[in-house]
Amino acid sequence: MIKKITIKDFEDAIGEKLTANLKSKILECDFSYEELETSERDYLISDIIKFLLDDFVIRAGEHRAKDWDQGWSENYTEFSTTGTLESLVPKYFGKYKYVRWQSEWIKPVSQDFEYNMARVLQYWLFEKFFKNSDYVYEFGCGTGHNLLRVKEINSHAELCGLDWATSSQDSITEINEKLGTNISSKNFNFFDFDKSYQLQQNSGVYTFAALEQIGDKYHDFVNFLVNNQPGVCLHVEPMGEFLEEQNLCDFLSIKYFEKRNYLNGFMKHLEQLESNGKIEIIYKKKSFIGSLYINGYSIVAWRIKNA
């Protein structure tokens, strides 16, 4: 039987009433899905476990820089030819016929289900945290497509996309030419970056499934942010601290994080900084969406203490 995620379902998941703008974004999308029969769910879980037992799973890390440059280059080439926003969507969206909703697997009707879920999540968070920012920086911005949503929410803010792939900067240059935007870009490698780089005042900073690639090598980046004192920092990342090991869907997600060397200990590090009086965590929440293998969109927002 086909079900559909409604505006009320989103409000229940978020725990807030949605704005008219966010409701309209939801209504633009097809959030129809099927629940899984027991046999199909068992087959899916078996496949995930087999993947986790595979010795040849590619681990995240600095060695993958060329892979990401190549991936964003494919998007850049396609966007240069077509000029469509769809060509900026990362290729990892829509790869699988199963996704996660509220820590359970479902089978969406639309191939764009997960991407549209991520879009809704971003619109909500950008409304919540960046409406009054004068500058917004996305670290690990990929093709730059997320920044276009920031622009919808806050048209006066100056935007900057930073990424370790040069093809990312090429994409943003092409976006500016084709769409008439004025997004700046900068090469930025989480593993080795210019620590003297300065953020503007009253700025918002965010990462979206970007820090996942650096394992436990986030200390220098967090120190960099603390020293720059942005107005708010938002991270939507795979963080095992938000997941529940007694829930099978969450447990397999945690094991996937470990297998892929995804972000590790980040939330605990922020909590330690808070206990030391350096920052204030202003929002944290387990996300209600995910992909086949992970609940990878947990949310934490923080700012400098007394800033």
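Since the structure is predicted, the reported quantities are computational estimates derived from the model, not experimental observations.

Trainee: Provide a residue-level description of the sheet that holds strand S10 (residues 279-285), including the pertinent values.
Mentor: Spatially, seven strands are ordered S7-S6-S5-S8-S9-S12-S10 in an open sheet, and the strand pairing comes out mixed. With partners counted over all chains shown, the strands left at the sheet margins are strand S7 (184-187) and S10, one partner each. Direction aside, the axes of adjacent strands within the sheet are offset by 20° on average. In this structure, strand S9 (residues 232-237) lies alongside strand S12 (residues 298-304), joined through five bridges in antiparallel fashion. Bridging from a neighbouring strand, leucine 234 pairs with alanine 301 of S12. Across the sheet, helix H7 (residues 166-179) touches strand S6 (158-163) and S7, and the angle it forms with S7 is around 170°.

Trainee: Requested: an account of the packing of helix H1 (residues 7-14) against helix H2 (residues 20-27), with residues and values cited.
Mentor: Between H1 and H2, the shortest axis-to-axis distance is 10 Å and the interhelical angle comes to 125°. It follows from the interaxial angle that H1 and H2 lie oblique. Relative to H2, H1 is oriented so that their crossing is right-handed. For the pair H1 and H2, the contacting residues are Ile7, Phe10 and Glu11 in the first and Lys23, Ile26 and Leu27 in the second. The residue inventory of the contact of H1 with H2, partitioned by class, reads four nonpolar, no polar and two charged.

Trainee: Describe the nonpolar core, listing the residues and the values that go with them.
Mentor: Judged by nonpolar contacts, the single largest core of 51 residues is most densely connected at Phe10, Phe31, Met117, Leu121, Tyr206, Leu234 and Phe288. No other element matches helix H5 (residues 113-129), which puts 11 residues into this core. Among residues more than four places away in sequence, those in contact with phenylalanine 31 are Lys3, Lys4, Ile5, Phe10, Ile26, Phe113, Asn116, Met117 and Val120. Val205, Leu211, Phe221 and Met267 belong to the second-largest nonpolar core, a separate cluster that totals 32 residues.

Trainee: Which residues make up the sheet that holds strand S3 (residues 99-101), and what values go with them?
Mentor: Here we have five strands laid out as an open sheet, ordered S1-S2-S4-S3-S11, and antiparallel in their pairing. Pairing within the sheet leaves two strands with one partner each, and these edge strands are strand S1 (2-4) and strand S11 (289-290). When S1 meets strand S2 (residues 32-35), the two strands line up antiparallel, connected through three bridges. Following the sheet pairing, lysine 3 is matched in S2 by tyrosine 33.

Trainee: Break down the packing of aromatic side chains for me, with residues and values.
Mentor: Enumeration according to the criterion identifies 35 aromatic pairs in this entry. Centroid distance tyrosine 92 to phenylalanine 93: 5.0 Å. Interplanar angle 40°. Geometry classified as tilted. What makes phenylalanine 93 buried here is its relative accessible area of 12%. Taking 5.9 Å as the distance between ring centres and 70° as the angle between the ring planes, the aromatic pair formed by tyrosine 256 and tyrosine 262 counts as edge-to-face. The two residues tyrosine 256 and tyrosine 262 agree in class, both being buried. Taken together, the ring pairs in this structure connect Tyr137, Phe139, Phe188, Phe190, Phe193, Tyr197, Phe221 and Phe224 into an aromatic cluster. Between the NZ or CZ atom of lysine 178 and the centre of the ring of phenylalanine 79, over which it lies, the distance is 6.0 Å. The ring of tyrosine 197 has lysine 186 sitting right over it, with the charged end atom 4.8 Å from the ring centre.

Trainee: So what's going on with empty space enclosed by the protein? Which residues, and what values?
Mentor: Following the criterion strictly, the structure yields one cavity of 30 Å³ or more and no others. Here the largest cavity is characterised by a volume of approximately 300 Å³. Forming the boundary of the largest cavity are 27 residues, of which Trp72, Gly140, Asp163, Ala209 and Ala210 lie nearest the centre. The set of elements that each furnish at least two residues to the lining of the largest cavity consists of helix H4 (65-82), H5, helix H6 (145-153) and S6. Per-class residue counts for the lining of the largest cavity are 17 nonpolar, six polar and four charged.

Trainee: Describe H1, naming the residues involved and giving the relevant values.
Mentor: Restricting attention to buried positions, one finds in H1 the residues Phe10, Glu11, Ala13 and Ile14. Each buried residue of H1 sits inside an arc of 165° when the element is viewed along its axis, so together they form one side. In H1, the exposed residues that point more than 90 degrees away from the buried face are Lys8 and Asp12. Its buried side turned inward, H1 meets H2, S3, H5 and S10. After H1 finishes, the residue glycine 15 shows a positive phi value of roughly 85°.

Conventions and cut-offs
Residues numbered from 1 in each chain as written. Predicted model: local features only at pLDDT ≥ 70, side-chain atom pairs only at ≥ 80, totals over all residues. Heavy atoms only, no water. Pairing = 2+ DSSP bridges. Helix = DSSP H or I, 4+ residues; strand = E, 2+ residues; numbered from the N terminus. Axes fitted to C-alpha atoms, helices over the stretch in contact; angles between N-to-C directions. Contact = heavy atoms within 4.5 Å. Parallel < 35°, antiparallel > 145°, perpendicular 65-115°, else oblique. Left-handed = near helix turned anticlockwise from the far one by under 90°. Nonpolar A, V, L, I, M, F, W, Y, C, P; charged D, E, K, R; others polar. Core = buried A, V, L, I, M, F, W, Y, C linked by side-chain atoms within 4.5 Å. Buried < 20%, exposed > 50% of the residue type's maximum accessible area, 1.4 Å probe, protein only. Phe/Tyr/Trp six-rings, centres within 6.5 Å; stacked < 30°, edge-to-face > 60°. Lys NZ or Arg CZ within 6 Å of the ring centre and 35° of its normal. 1 Å grid on protein atoms, 1.4 Å probe; cavity = no way out; pocket = protein on both sides within 12 Å on 5 of 7 lines; lining within 4 Å. Points joined across faces, edges and corners; volume = space filled by probe spheres on them. Arc of directions from axis to C-beta.

The values are spatial; any link to function lies outside them.
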